[in-house]
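Structural overview
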Amino acid sequence: MRIVAGSAKGRALTGPKPSSGHIRPTADRVRETIFNMLGQFLDGQAVLDLYAGTGALGLEALSRGAGRLVLVDQDREALALCRKNTDDLGFTAQVSILAQPVVRALPALGKQGEKFELVFADPPYAARVVETVLDAVVAAGVVTPGGTVVVEHDKREAAPDAHAGLTREDQRRFGDTLVSFYRAP
């Protein structure tokens, strides 16, 4: 795994141990396609990465010019990977790491008045929670008007065309993975 573009282009990311089956990093080619669709540079945007795993999606956003990043995960190994990758890339000053379940982190961020132009969600495929995540993101009020929510999920889990006020603008398939792009009104 490497950062695909931007200020940290080509820098390696530490991935999970081979014996760790519960962390599934987003493949480089999938990240590259996601950012080709979002735009190459993020010009100071605030980014939220839910179920962060290695932090690859959010750290790619920082490399491409995002201004700040909040990584959320509850798994100890994932949190250690997020910290290591953030430190190794020199992004520590721009990153906050929340060690808690997404269902607790989102309401807390909403109460603090946090807003993000870009939200990534890559929940465990077995959880089948696309609609639940969309509900929680909207209920917390953390997406700016016109902001984007990108959800990576299993191809067998349908993602609605519209949900909780968000409209799906695009969807791409990569083997068993679907990436759905939603826009806030």
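Residues numbered from 1 in each chain as written. Predicted model: local features only at pLDDT ≥ 70, side-chain atom pairs only at ≥ 80, totals over all residues. Heavy atoms only, no water.

What follows covers the pattern of salt bridges. Going through the model one piece at a time under the given rule, you end up with 12 salt bridges. Linking Arg-31 and Asp-28 is a salt bridge whose minimum nitrogen-to-oxygen distance equals 2.3 Å. With Arg-31 and Asp-28 both in helix 1 (residues 28–38) and three residues apart, this pair spans about one turn of that helix. Classification of Asp-28 by relative accessible area gives partly exposed; the value is 29%. Residue Arg-68 is joined to Glu-114 by a salt bridge in which the shortest nitrogen-to-oxygen separation is 2.8 Å. You can see Arg-68 sitting in strand 2 (residues 68–73) and its partner Glu-114 sitting in the loop between helix 4 (102–111) and strand 4 (116–121), a full 46 residues away along the chain. Overlapping salt bridges bring together Asp-28, Arg-31, Glu-60 and Arg-64 as one network. (Salt bridge = Lys/Arg side-chain N within 4 Å of Asp/Glu carboxyl O. Helix = DSSP H or I, 4+ residues; strand = E, 2+ residues; numbered from the N terminus. Buried < 20%, exposed > 50% of the residue type's maximum accessible area, 1.4 Å probe, protein only.)

Moving on, we come to the packing of helix 4 against helix 5 (residues 130–140). As a packed pair, helix 4 and helix 5 sit with axes 8 Å apart at the nearest point and diverge in direction by 20 degrees. Considering their axes alone, helix 4 and helix 5 lie roughly parallel with respect to each other. For the pair helix 4 and helix 5, the sense of crossing is right-handed. Contact residues: Leu-106, Pro-107 and Gly-110 in helix 4; Ala-136, Val-137 and Ala-140 in helix 5. (Axes fitted to C-alpha atoms, helices over the stretch in contact; angles between N-to-C directions. Parallel < 35°, antiparallel > 145°, perpendicular 65-115°, else oblique. Left-handed = near helix turned anticlockwise from the far one by under 90°. Contact = heavy atoms within 4.5 Å.)

Working definition: an aromatic ring pair is given by the centre-to-centre distance plus the angle between the planes. Per the stated rule, a full pass over the model turns up one aromatic pair. With 5.8 Å between their ring centres and 55 degrees between their planes, Phe-35 and Phe-120 make a pair best called tilted. Taken together, the residues span a long stretch of sequence, with Phe-35 in helix 1 and Phe-120 in strand 4 at a distance of 85 residues. Take Phe-35 and Phe-120: they sit in the same class, and that class is buried. Taking NZ or CZ as reference, Arg-24 lies 3.6 Å from the ring centre of Tyr-125, over its face. (Phe/Tyr/Trp six-rings, centres within 6.5 Å; stacked < 30°, edge-to-face > 60°. Lys NZ or Arg CZ within 6 Å of the ring centre and 35° of its normal.)

The next thing to look at is the sheet that holds strand 8 (residues 177–183). Read from one edge to the other, the open sheet built from eight strands follows the order 3-2-1-4-5-8-7-6, with strand pairing classed as mixed. Pairing within the sheet leaves two strands with one partner each, and these edge strands are strand 3 (95–99) and strand 6 (162–163). Bridge count for strand 5 (residues 143–154) against strand 8 is seven bridges, and the pairing is antiparallel. Opposite His-153, over in strand 8, you have Leu-178 as the bridge partner. (Pairing = 2+ DSSP bridges.)

The next subject is unusual backbone geometry. Even without being a glycine, Asp-43 presents a positive backbone phi close to 35 degrees. Within the element layout of this structure, Asp-43 appears in the loop between helix 1 and strand 1 (46–50). Positive phi, normally seen in glycine, also occurs at Tyr-51, with a value near 55 degrees. Note on placement: Tyr-51 falls in the loop between strand 1 and helix 2 (56–63).

Here the focus is the pairing of strand 5. Among the 12 residues in strand 5, 10 count as buried, and that is most of the element. As judged from the five bridges shared by strand 4 and strand 5, these two strands associate in the parallel manner. Counterpart to Leu-118 in the pairing with strand 5 is Thr-148.

Space inside the largest pocket adds up to approximately 510 Å³. Residue lining of the largest pocket: 28 residues in total, with His-22, Tyr-51, Asp-73, Asp-122 and Pro-124 positioned closest to the centre. Every element with two or more residues in the lining of the largest pocket is listed here: helix 2 and helix 4. In terms of residue class, the lining of the largest pocket is built from 14 nonpolar, nine polar and five charged. The volume enclosed by the second largest pocket comes to roughly 190 Å³. (1 Å grid on protein atoms, 1.4 Å probe; cavity = no way out; pocket = protein on both sides within 12 Å on 5 of 7 lines; lining within 4 Å. Points joined across faces, edges and corners; volume = space filled by probe spheres on them. Nonpolar A, V, L, I, M, F, W, Y, C, P; charged D, E, K, R; others polar.)

Ranked by internal contacts, the top residues of the largest apolar core, which has 27 residues, are Ile-34, Leu-59 and Phe-120. Among the secondary structure elements, those contributing two or more residues to this core are helix 1, helix 2, strand 2, helix 3 (76–89), strand 4 and strand 8. Looking at this core element by element, the count peaks at five residues for helix 2. Not counting chain neighbours up to four residues away, the residues in contact with Phe-120 comprise Ile-34, Phe-35, Leu-38, Val-47, Leu-48, Asp-49, Leu-50, Leu-57, Gly-58, Ala-61 and Val-150. Within the second largest apolar cluster, 26 residues are counted, among which are Leu-50, Val-72, Phe-116 and Val-119. (Core = buried A, V, L, I, M, F, W, Y, C linked by side-chain atoms within 4.5 Å.)

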